[in-house]
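Chain by chain, the residues:
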Amino acid sequence: MVQTDFGGPDAVFPQDVPEPVCGPRDVVVKVAYCGLNRLDLLQLQGPGLIPGFRLPHVPGMDFAGTVVATGSAVSSVVPGDRVIADPTQGCGSCPRCAVGDRAYCVSPRIIGGNAPGALAEYVLATAESVVQVPESLPLAAAVTLPTAFATAWHAVHNVGSLAAGETLVVHAGASAVSLAAVALAKRAGATVVAFAGSDAKRAAAREAGADLVLPNDEPDAAKTVTAFTGGDGADLVLDHVGADTWRTSLDCLGIRGRLILMGNTGGDQVSFSLQEVFHRGLKLLGTGGYTSADFVAATSACFADGLHLPIAAIVPLEDLAGAWGLLAARATIGKVVITP
Ligand SMILES: NC(=O)c1ccc[n+]([C@@H]2O[C@H](COP(=O)([O-])OP(=O)(O)OC[C@H]3O[C@@H](n4cnc5c(N)ncnc54)[C@H](OP(=O)(O)O)[C@@H]3O)[C@@H](O)[C@H]2O)c1
Ligand SMILES: [Zn+2]
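Residues numbered from 1 in each chain as written. Chains lettered and ligands numbered in written order. Predicted model: local features only at pLDDT ≥ 70, side-chain atom pairs only at ≥ 80, totals over all residues.

## Side note on the overall build of the chain
Consideration 1: Secondary structure assignment for the chain yields eleven helices and 17 strands.
Consideration 2: On C-alpha atoms alone, the chain measures out to a radius of gyration of 20 Å, which is about the 20 Å that the 2.2 N^0.38 rule sets for 340 residues.
Consideration 3: Expressed as lengths along the three principal axes of its C-alpha atoms, the size of the chain is roughly 60 × 40 × 40 Å.
Consideration 4: Residues classed as buried in the chain amount to 49% of the 340 residues present.
Consideration 5: Restricting the contact set of the chain to residue pairs at least 6 apart, pairs at least 24 apart contribute 66%. (Helix = DSSP H or I, 4+ residues; strand = E, 2+ residues; numbered from the N terminus. Rg over C-alpha atoms; globule rule 2.2 N^0.38 Å. Buried ≥ 20, exposed ≤ 12 C-beta atoms within 10 Å, placed from the backbone. Contact = placed C-beta atoms within 7 Å.)

Here it is as structure tokens:
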């Protein structure tokens, strides 16, 4: 599927493009499933957000499939292996890549971001970015892991340092990233409070392990959370909604609480009292992109514990327009998955 313009779903249509050719460190994967991300939708609507984005563009960051070709220097996987990949591909030689921080590579290649994506029969990835999927995990489940769980791992563990016994609050509790965060937080022995916008979304958050689920319009939401924590307030809040949830996020936090800022779906601009933040010893933490180690740790944990996201819908490539519509309508629980 090739995006030739910005706008709605009719800016993306099937087109023949050359099959990818392996460099020495690369693999070619036959795509079984592609998982949509909010970024795919945002780049469809425009403008391109990832540096280096150019039209025409093949969208699709997350994929699961089977290796069909490997470069001359690749020994970690062979044709026939079932894999998923970190869509963030470093150059492999800059200082950020050297420390495993591909997200801040000087010239990153991001599958479906600024490089051809996985809404295609074949996709090119570096061998170092792929991990093998255990036989026990269906590829349709594996495709729900890459961006959501690596992002959540980065937020919960790497930046948020969530400890057993602490309380985590998430907004948009049935979103892909939040469901992954709930699962990882429960696995780490934390207590979880999840806000979500419908009964079905709250049920999904509870199913993922949330101990308390609340509607977005819960009156005195922060008081409810504070009472639930015995008066202490939350230790960690994950907020990828932004402007609409900012006030609740700050109010839920206990003394020296940590607020993770990791998205702006509900608006970008906020204001707050500096005094409130420094008097209460709050820590405001931006996450940015996850590291290579986060990706490996997150996928390893999922494989070991059988974690994956619910699938909001499996949609054939011909119905891609409908799939974009589900994301745009704020109607999804977990991942929208496309079959090519
Ligand atoms: N920092 C990073 O590296 C990183 C990586 C991946 C994703 N993200 C960001 O994290 C956010 C969540 O990603 P996701 O894939 O989990 O999203 P998703 O599955 O599409 O879920 C988005 C949810 O956000 C809530 N929401 C609140 N205000 C909204 C609005 N104005 N429009 C649409 N939804 C709204 C809705 O839940 P309710 O109806 O329950 O409120 C919705 O279901 C996005 O902003 C994404 O860009 C950041
Ligand atoms: Zn690099």
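## Considering the domain arrangement of the chain
Consideration 1: We note that the domain assignment places domain 1 (2-144 + 310-339) and domain 2 (149-286) within the chain.
Consideration 2: On the side of domain 2, eight residues touch domain 1, which itself brings six residues to the contact.
Consideration 3: Considering only residue class, the side of domain 1 that touches domain 2 consists of two nonpolar, one polar and three charged. (Domains from an automatic or database assignment. Nonpolar A, V, L, I, M, F, W, Y, C, P; charged D, E, K, R; others polar.)

## Quick look at unusual backbone geometry
Consideration 1: Put simply, Gly46 and Pro47 share a cis peptide bond, and its omega is 0 degrees.
Consideration 2: Relative to the assigned elements, Pro47 resides in the loop between α1 (38-45) and β4 (62-70).
Consideration 3: Following Leu55, the chain continues to Pro56 via a peptide bond in cis, the omega torsion being -5 degrees.
Consideration 4: The topology assignment puts Pro56 in the loop between α1 and β4.
Consideration 5: A positive phi angle, near 45 degrees, is found at Ser161, a position not held by glycine.
Consideration 6: Within the fold, Ser161 resides in the loop between α4 (146-159) and β10 (167-170).
Consideration 7: Not every positive phi belongs to a glycine, and Arg330 is a case in point at roughly 60 degrees.
Consideration 8: Along the chain, the position of Arg330 falls in the loop between α11 (320-328) and β17 (335-339).

## So, the pairing of β17
Consideration 1: Counting buried residues in β17 gives four out of five residues, a clear majority hidden from the surface.
Consideration 2: Inspection of the sheet shows strand β3 (residues 26-35) paired to β17 by two bridges, in the antiparallel sense. Residue pairing for β17: Cys34 is matched across the bridge by Ile338.
Consideration 3: Sheet analysis places strand β16 (residues 311-316) next to β17, joined by five bridges and oriented parallel. Residue Pro316 lies in a different strand from β17, and its bridge partner there is Thr339.
Consideration 4: Remark: the β16/α11/β17 crossover connection has right-handed handedness. (Pairing = 2+ DSSP bridges. Right-handed = clockwise from strand over helix to strand, strands pointing away.)

## Some points on the sheet that holds strand β13 (residues 234-239)
Consideration 1: The strand order across the open sheet formed by six strands is β12-β11-β10-β13-β14-β15, and the pairing between neighbours is parallel. Either end of the sheet is taken by a strand with one partner, and the two such strands are β12 (212-215) and β15 (283-286). When strand polarity is set aside, the average angle formed by the axes of neighbouring strands in this sheet is 20 degrees.
Consideration 2: Where helix α5 (residues 176-187) meets the sheet, its contacts fall on β10, β11 (191-196) and β13, and the angle it forms with β11 comes to roughly 165 degrees.
Consideration 3: Relative to the sheet, helix α6 (residues 199-208) contacts β11 and β12, its axis offset from that of β11 by approximately 165 degrees. (Axes fitted to C-alpha atoms, helices over the stretch in contact; angles between N-to-C directions.)

## A word on the packing of α4 against α5
Consideration 1: Contact geometry for α4 and α5: axes closest at 8 Å, N-to-C directions at 55 degrees. Accordingly, the angle class assigned to the pair α4 and α5 is oblique. Where α4 crosses over α5, the two elements pack in a sense that is right-handed. Every residue of α5 that contacts α4 at Ala148, Phe149, Thr151, Ala152, Trp153, Ala155 and Val156 is listed here: Ala176, Val177, Ala180, Ala181, Leu184 and Ala185.
Consideration 2: A per-class count over the contact of α4 with α5 returns twelve nonpolar, one polar and no charged. (Parallel < 35°, antiparallel > 145°, perpendicular 65-115°, else oblique. Left-handed = near helix turned anticlockwise from the far one by under 90°.)

## A word on the packing of α1 against α11
Consideration 1: Look at α1 against α11: their axes get within 10 Å of each other, and the N-to-C directions meet at 105 degrees. Considered as vectors, α1 and α11 are oriented roughly perpendicular to each other. Within the contact between the two elements, α1 uses Arg38, Leu41 and Leu44 and α11 uses Trp324, Leu327 and Ala328.
Consideration 2: Tallied by class, residues from the contact of α1 with α11 come to five nonpolar, no polar and one charged.

## Structural notes on the nonpolar core
Consideration 1: Judged by nonpolar contacts, the single largest core of 101 residues is most densely connected at Phe63, Ala180, Ala181 and Val182.
Consideration 2: The biggest single contributor to this core is α5, with nine residues.
Consideration 3: When residues of this core are sorted by domain, at least three fall in each of domain 1 (2-144 + 310-339) and domain 2 (149-286).
Consideration 4: With sequence-adjacent residues up to four places away left out, Val182 is seen in contact with Val170, Gly173, Val192, Ala194, Ala205, Ala208, Gly209 and Ala210. (Core = buried A, V, L, I, M, F, W, Y, C linked by C-beta atoms within 7 Å.)

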